[in-house]
Structure formats: structure tokens, C-alpha cells
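Letter by letter, the chains look like this.
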Amino acid sequence: MTIKLHHLRPAAGSKSTKIRVGRGEGGKRGKTAGRGTKGTGARKNVPARFEGGQMPLHMRLPKLKGFTNRNRVVFQVVNLRDIERLFPEGGQIGIPELIAKGAVRKNEPVKVLGDGNLSVKVEISANKFTGSAKEKIAAAGGSATEV
């Protein structure tokens, strides 16, 4: 005889009868049906998020607006007017020279902005330049090099 799908049965002792909760005082879990006595938890239709009167989680959490990009690059900015003031003689200007003059902090990228005018020839090397800064440096006879 071949075994067919309708012949399959669970192993003996592996199945137990379902506990019928709240079906009278004679039942195994009758009367309060394992819900304790009174209180919100004993009632019907209590939301799953209810915390017994404690301040709910969705109200305890801070209301954050937007998000913070962890990969954002923050540049130390230097305007052309600062370069004009710090280096009146012009010449070669790099990030170490700007750090020595106190224009920027060390170990952070530097961006040169085009605010102000430049009357001396400077050869600046920095991480970034704005378009107007490049134009004004070139107009003064200097050069802007991105490192």
C-alpha cells in the first residue's frame, strides 16, 4: 500500500488542544481570562501602543526635522579680502601659510571665496575655489591651483 497525503498524521503527543480563554468560570482560563483585575489591560480594544498611562514612546522621542548628512564636507572659508590683508606682498600661498597666519584651522579642507578685491599677484593652492575667486585671481595676474 502506498502512503498518500491524507494518511499523514502528526506524531503522537505533539498536538495539544487549544486553550479556550474566557469561556466561563468552569474553564481553565475563565472569568478574567488571564488579564488580571480591572484596568485598561483587562478591557477590550486597547491599542498595542498603549503603555498604561505612561508617556507614550511616540511622544517621548524628539521631533527631528530633516536629517544630518554624515558625509558632508565642511570647508574652512577664506575670502580674497582676507588674503589681500594677510599677504600684502602676494607670492606663493598654500594651506600651511594660511594656517600660520591664523586664517584657517589645520586638518580641514579650505575653500577660497571671491568676496573682496585682489591687487597683488598671488599663486594660491587650496582644496576648492569659487568661480568668482578664480576670475579675480586670474585678473590680478595670479593662479589658483586645487589640491
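The rules behind the values
Residues numbered from 1 in each chain as written. Predicted model: local features only at pLDDT ≥ 70, side-chain atom pairs only at ≥ 80, totals over all residues. Heavy atoms only, no water. Helix = DSSP H or I, 4+ residues; strand = E, 2+ residues; numbered from the N terminus. Contact = heavy atoms within 4.5 Å. Areas by Shrake-Rupley, 256 points an atom, 1.4 Å probe, with all protein chains shown as cover. Lys, Arg positive; Asp, Glu negative; His and termini not counted. Charge placed at Lys NZ, Arg CZ, Asp CG, Glu CD. Phe/Tyr/Trp six-rings, centres within 6.5 Å; stacked < 30°, edge-to-face > 60°. Lys NZ or Arg CZ within 6 Å of the ring centre and 35° of its normal. Salt bridge = Lys/Arg side-chain N within 4 Å of Asp/Glu carboxyl O. Buried < 20%, exposed > 50% of the residue type's maximum accessible area, 1.4 Å probe, protein only. Pairing = 2+ DSSP bridges. Core = buried A, V, L, I, M, F, W, Y, C linked by side-chain atoms within 4.5 Å.

> I'd like a description of the overall build of the chain, backed by residues and values.
The helix and strand tally for the chain stands at 4 helices and 6 strands. In terms of principal-axis extent, the alpha carbons of the chain reach across some 100 × 55 × 25 Å. Sequence separation of 24 or more characterises 42% of the internal contacts of the chain that already satisfy a separation of 6 or more. A total of about 11700 Å² of accessible surface is found on the chain, and carbon and sulfur atoms cover 52% of it. When the 29 positive and 11 negative side-chain charges of the chain are each reduced to one mean point, those points stand 32 Å apart.

> Quick one: what's the story with the packing of aromatic side chains, residue by residue and with numbers?
Here a ring pair, both rings aromatic, is described through the centre-centre distance and the interplanar angle of the planes. A complete count under the given rule lists 0 aromatic pairs for this structure. Its end group placed over the ring of Phe87, Lys101 keeps NZ or CZ at 5.3 Å from the ring centre. The ring of Phe75 is capped by Lys111, whose NZ or CZ atom sits 6.0 Å from the centre of that ring.

> Account for the pattern of salt bridges, naming residues and giving values.
Opposite charge on two side chains permits them to pair, given that their charged atoms come into close proximity. Tallying each qualifying case throughout the model produces 5 salt bridges. Of the charged contacts in the structure, one is a salt bridge between Arg60 and Glu51, with a shortest N-O distance of 3.0 Å. For Arg60, a relative accessible area of 42% gives the class partly exposed. The exposure class assigned to Glu51 is partly exposed, which follows from its relative accessible area of 30%. For Asp82, the salt bridge is made with Arg85, and the minimal N-O distance between the two is 3.4 Å. Here Asp82 and its partner Arg85 are both found in helix 2 (residues 80-86), 3 residues apart, which amounts to about one turn of the helix. Given the relative accessible area of 57%, Arg85 is considered exposed.

> Residue-level account of the pairing of strand 3 (residues 110-113), with values.
In strand 3, alternate side chains face the same way, and those of Val110 and Val112 are buried while those of Lys111 and Leu113 on the opposite face are not. Judged from the 4 bridges that link them, strand 1 (residues 76-79) and strand 3 form a sheet pairing that is parallel. Paired with Val77 across the bridge in strand 3 is Lys111. Pairing analysis gives 2 bridges linking strand 3 to strand 5 (residues 128-129), with the strands arranged parallel. Across the sheet, residue Lys111 finds its bridge partner in strand 5, namely Lys128.

> So what's going on with the nonpolar core? Residues and values would help.
Generally speaking, nonpolar side chains in soluble globular proteins are found buried as a group. Membership of the largest hydrophobic core comes to 19 residues, with the highest contact counts inside it found for Ile83, Val112, Val122 and Ile124. Those elements that place two or more of their residues in this core are helix 2, helix 3 (95-100), strand 3, strand 4 (122-126) and helix 4 (131-139). Not counting residues within four places of it along the chain, the set of residues in contact with Val112 comprises Val78, Leu80, Ile83, Ile124, Ala126, Lys128, Phe129, Thr130 and Ala133.

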